[in-house]
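Chain by chain, the residues run as shown.
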Amino acid sequence: MEIVELMFDELPTNAGDEAQQQQQRDNTQSRLRCLKTPEGEGARFLLVDVVKLMGLKSNVTTVGNRLDQRDVFREDISTGGGTQTMITVNVMGLLQTVL
């Protein structure tokens with residue numbers, strides 16, 4: 001499956017010089033990766049990205065175990081470092097994590 005990356009930029013909080021503003025933009029840029037799934041299946045989001053965006057202290061496995069198991073998937077994803085198993089969630093799992 002192919003990964004699609006969604007980027008979220010936050011605005012800098014204080015107006016400093018241009019170098020400080022660029023560094024703040026680099027540090028605050030966040031991403032939420034989504035898997036392209038076969039026709040008819042809903043989107044699946046990488047749970048590690050959701051946990052980071054939410055600022056949760058729990059690790060990904062703990063969060064995944066708290067969700068309804070019908071909404072949690074383990075996917076083998078090809079990366080630059082080889083194939084890795086990643087935990088993904090569908091839209092309902094995403095909402096359960098956020099709420």
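My aim in this report is to walk through the structure given alongside it, one point at a time. (Residues numbered from 1 in each chain as written. Predicted model: local features only at pLDDT ≥ 70, side-chain atom pairs only at ≥ 80, totals over all residues. Heavy atoms only, no water.)

1. As for the pattern of salt bridges
Inclusion rule: Any carboxyl oxygen of Asp or Glu within 4 Å of a side-chain nitrogen of Lys or Arg constitutes a salt bridge here. Secondary structure elements are taken from DSSP: a helix is a run of H or I of four residues or more, a strand is a run of E of two residues or more, and numbering for both begins at the N terminus. Think of it in three bands: with a 1.4 Å probe and only protein chains considered, a residue is buried below 20% of the maximum accessible area for its type, exposed above 50%, and partly exposed in between.
Counted under the stated rule, the structure contains 3 salt bridges. In this structure, the salt-bridge partner of aspartate 49 is arginine 33, at a minimum N-O distance of 2.8 Å. Taken as a pair, aspartate 49 in helix α2 (residues 47–54) and arginine 33 in strand β2 (residues 30–35) lie far apart in primary sequence, 16 residues in all. Of the two residues examined, aspartate 49 and arginine 33, each falls in the buried class. Where glutamate 75 meets arginine 44, a salt bridge forms, and the shortest distance between an N and an O atom there is 2.4 Å.

2. Brief notes about helix α4 (residues 91–98)
Our working rule: The directions considered for the arc are those from the helix axis to the C-beta atoms. Whether two residues are in contact is decided by their heavy atoms, any of which lying within 4.5 Å being enough. What qualifies as a polar contact is a pair of N or O atoms within 3.5 Å, subject to a donor-acceptor requirement within protein and to the restriction that residues adjacent in sequence count only when both atoms come from side chains.
If you check which residues of α4 are buried, you get Gly93, Leu94 and Thr97. Here the buried residues of α4 occupy an arc of 105° about the axis, which is enough to place them on one side. Looking at the buried positions of α4, the neighbouring elements they touch are β3 (44–46), α2, α3 (60–66) and β5 (82–89). Where α4 begins, one side-chain oxygen reaches toward the backbone nitrogen of methionine 92, 3.2 Å away; that side chain belongs to asparagine 90.

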